[in-house]
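Take a look at the letters that make up each chain.
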Amino acid sequence: MNRRIIFYMLGQILKVEAVLMSLPLICSLVYGEKNAISFVITIVLALALGFLLTCLNKPKDKTFFAKEGFVIVALSWITLSVVGAIPFVISGAIPNFIDAFFETVSGFTTTGATILGGKEIETMSKGLLFWRSFTHWIGGMGILVLVMAIVPTDSGRSIHIIRAEMPGPIIGKLVPKLKSTAKILYLIYICLTLLEVVLLLCGGMNLFESFVHSFGTAGTGGFGVKGDSIASYSPYLQWVITVFMLIFGVNFNIYYLVLVRKIRTAFKSEELWCYVGIVIAAVALVTYNIRNLVDGFWETLRQSAFQVASIITTTGYATTDFNLWPGLSKGILLILMFIGACAGSTAGGIKVSRIVLLFKRISANLRHMIHPRGAEAVRFEGKKVENETLNGVLVYFAIYFVCFTVILIVLLFEPFDLETNISAVAACFNNVGPGLALVGPMGNYDIFSHLSKIVLSVAMLLGRLEIYPLILLFSPASWLKRRKIKK
């Protein structure tokens with residue numbers, strides 16, 4: 001284990017976080033807010049720690065392998081969340097550190113689960129609201145991907161970081177140089193975010209709220225500035241956010257292929273069409289199911305499309321209290337929480353690609369039982385899928401449901417109904433945000449004990465980092481030196 005490179009990268013992360021925190025500081029200064037000092041203190045602290053870790057701990061060997069990559073990612077996200085929570089505590093907006101940590105983890109992991117009520121959100125300062133939503137944007141594409149895009153690195157093994165941080169089972173380079181890949185991803189990310197800002201401004205939303213909601217949409221996070229989420233905004237603004245939630249749920253490789261004019265290749269994506277098909281089917285079913293609860297077809301369609309887009313992309317915005325919907329519609333939304341959007345997007349969940357590969361593997365096994373001598377390879381996106389990848393998907397599903405069960409058992413000690421506890425775990429583990437019953441779109445997570453909030457924070461990190469980095473971080477085998485085998 002190359003410990004020096006791990007702490008060196010942590011120092012780089014802290015320095016980048018300090019720079020990024022200057023944006024909410026500027027926002028606070030523009031609005032003349034007194035709590036700007038909370039950002040100043042945190043920025044100074046982050047810079048001091050960052051320079052100590054990078055200057056006094058500069059490694060001679062900057063190469064690292066998959067093990068270090070996983071540990072760097074896990075430690076970075078925990079450190080990022082701890083430091084990111086400090087402004088909430090210093091300002092007094094969220095005086096309890098565990099609550100502030102929960103809120104910040106929820107932000108960086110793009111979950112959008114909150115411990116704040118509607119009035120607390122609406123009375124929070126502009127600077128803190130900006131930071132709260134900006135954490136979504138930072139976490140959406142990945143802080144370490146950003147570091148690789150802007151900070152010089154000598155290691156040719158940074159692909160281990162991208163694979164550990166970016167969601168999905170099949171992650172690779174867009175171009176030969178990984179640094180260029182990171183820049184391309186962020187360029188697409190920034191352009192799409194700015195396009196949404198412009199369209200929201202065209203709908204009458206002010207500049208501050210346009211940026212805040214674009215951060216929440218781009219990162220598929222869901223933090224906003226109003227207690228009723230998006231419900232009080234116009235139909236035009238709701239449609240814009242609906243469309244962009246779905247856009248950010250698409251694999252960013254598709255956008256790269258479109259940019260380099262490989263449009264036919266882009267639209268041949270099997271995962272893309274499965275994603276679109278699931279969305280259309282879910283919207284149609286929900287629209288039919290709630291037709292008697294909402295006045296008018298277009299209003300029904302808009303509410304259905306918004307909530308389906310919000311849940312499958314794990315954004316978590318809401319235009320209505322879907323707790324009041326029939327069981328079928330709530331069941332569909334619960335299933336979508338688990339499915340999630342595409343690999344290589346900013347969304348959470350298990351991912352459409354894994355679901356497709358699982359069903360292909362099941363289908364292949366059934367065909368093999370019927371025709372034992374037949375040997376048909378599983379193909380995905382026009383390519384043969386290696387058994388190692390398929391086994392990896394099956395192992396992921398197994399670990400996923402073990403983790404889900406363990407987290408749920410802890411929450412079952414809370415004095416709440418089963419629907420609340422199950423949906424809370426599903427919403428946090430899949431980085432969705434709102435669940436059902438007491439943690440529905442009109443509720444929040446402040447009802448849980450501090451222990452449950454810590455466990456749910458871990459669930460959010462497990463979901464965003466797709467389990468392995470956190471498991472390897474706390475595995476003793478990751479830190480022990482390998483013993484040399486005597487011949």
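Residues numbered from 1 in each chain as written. Predicted model: local features only at pLDDT ≥ 70, side-chain atom pairs only at ≥ 80, totals over all residues. Heavy atoms only, no water.

S.K.: Sorry if this is basic, but what is going on with the overall build of the protein chain here?
M.R.: When its secondary structure is counted, the protein chain shows 23 helices and two strands. Sorting the 487 residues of the protein chain into buried and exposed places 57% on the buried side. Pairs at least 24 residues apart make up 72% of the contacts formed inside the protein chain by residues separated by at least 6 positions. Just so you have it, the protein chain exposes about 21,000 Å², and 67% of that area is on carbon and sulfur atoms. (Helix = DSSP H or I, 4+ residues; strand = E, 2+ residues; numbered from the N terminus. Buried < 20%, exposed > 50% of the residue type's maximum accessible area, 1.4 Å probe, protein only. Contact = heavy atoms within 4.5 Å. Areas by Shrake-Rupley, 256 points an atom, 1.4 Å probe, with all protein chains shown as cover.)

S.K.: Which parts of the structure should I look at to understand the packing of helix α4 (residues 66-91) against helix α7 (residues 126-141)?
M.R.: Each pair of packed helices gets described by two things: the angle between the helix axes and the distance between those axes. Where α4 meets α7, the closest approach of the two axes is 11 Å, and the angle between their N-to-C directions is 170°. If you check the angle between α4 and α7, you find them roughly antiparallel. Where α4 approaches α7, its residues Trp77, Gly84, Pro87, Phe88 and Ser91 are matched on the opposing element by Leu128, Trp131, Arg132 and Gly139. Broken down by class, the residue content of the contact of α4 with α7 amounts to five nonpolar, three polar and one charged. (Axes fitted to C-alpha atoms, helices over the stretch in contact; angles between N-to-C directions. Parallel < 35°, antiparallel > 145°, perpendicular 65-115°, else oblique. Nonpolar A, V, L, I, M, F, W, Y, C, P; charged D, E, K, R; others polar.)

S.K.: Would you take a moment to explain a nonpolar patch on the surface for this structure?
M.R.: On the surface, a nonpolar cluster with roughly 400 Å² of combined accessible area is contributed by Ile37, Val40, Ile41, Val44 and Ile90. Counting residues per element, the nonpolar patch draws most heavily on helix α3 (residues 36-55), at four residues. Taking relative accessible area as the criterion, Ile41 reaches 42% and is therefore assigned partly exposed. (Patch = residues over 30% accessible without salt bridge, like charges linked within 9 Å, V, L, I, M, F, W, Y side chains within 5 Å. Salt bridge = Lys/Arg side-chain N within 4 Å of Asp/Glu carboxyl O.)

S.K.: Would you mind showing me how to read the nonpolar core here?
M.R.: Most often, soluble globular proteins keep nonpolar side chains buried together rather than apart. Among the nonpolar cores identified, the biggest contains 145 residues, and Ile143, Phe252, Leu336 and Tyr445 are the most heavily contacted of them. Residue contacts for Leu336: discarding those within four places in its chain leaves Ile278, Ala282, Val308, Ile311 and Ile312. (Core = buried A, V, L, I, M, F, W, Y, C linked by side-chain atoms within 4.5 Å.)

S.K.: Is there a simple way to think about the pattern of salt bridges in this case?
M.R.: A side chain of one charge can pair with a side chain of the opposite charge when the charged atoms of the two come close. Within this structure, the stated rule accounts for eight salt bridges. With a shortest N-O distance of 2.6 Å, Glu299 and Arg302 are connected by a salt bridge. With Glu299 and Arg302 both in helix α16 (residues 297-312) and three residues apart, the pair spans about one turn of that helix. A relative accessible area of 24% means that Glu299 is categorised as partly exposed. The salt bridge partner of Glu419 is Lys330, with a shortest N-O separation of 3.7 Å. Of this pair, Glu419 sits in helix α20 (residues 418-429) while Lys330 sits in helix α17 (residues 327-339); the two residues are 89 residues apart in sequence, bridging distant segments of the chain. Lys330 sits in the buried class, given a relative accessible area of 17%. Ionic contacts of the salt-bridge type, sharing partners, join the residues Asp99, Asp446 and Lys453 into one network.

S.K.: Looking at this structure, I do not really get the side chain of Lys15. What am I missing?
M.R.: With respect to the helices and strands, the residue Lys15 is situated in helix α1 (residues 3-20). Those residues in contact with Lys15 that sit more than four places away from it in its chain are Leu47, Gly50, Phe51 and Thr54.

S.K.: Hey, could you run me through helix α15 (residues 270-289) in this one?
M.R.: Side chains that are three or four residues apart share a direction in an α-helix, a result of its 3.6 residues per turn. Between the first and last C-alpha of α15 there are 29 Å, a value that for 20 residues agrees with the 28 Å anticipated at 1.5 Å per step. Taken residue by residue, α15 has Glu271, Leu272, Tyr275, Val279, Ala282, Val283, Val286 and Thr287 as its buried positions. The buried residues of α15 occupy one face: seen down the axis, they fall within an arc of 130°. Across from the buried face of α15, at angles greater than 90 degrees, the exposed residues are Ile280 and Tyr288. As for α15, its buried residues are in contact with α12 (235-248), α14 (263-266), α16, α17, α18 (352-370) and β1 (379-380). For α15, the N-terminal cap is Ser269; the gap from its side-chain oxygen to the backbone nitrogen of Leu272 is 3.2 Å. (Expected span 1.5 Å × (residues − 1). Arc of directions from axis to C-beta. Polar contact = N/O pair within 3.5 Å; in protein donor to acceptor, adjacent residues only side chain to side chain.)

None of the figures reported here should be taken as evidence of function without further support.
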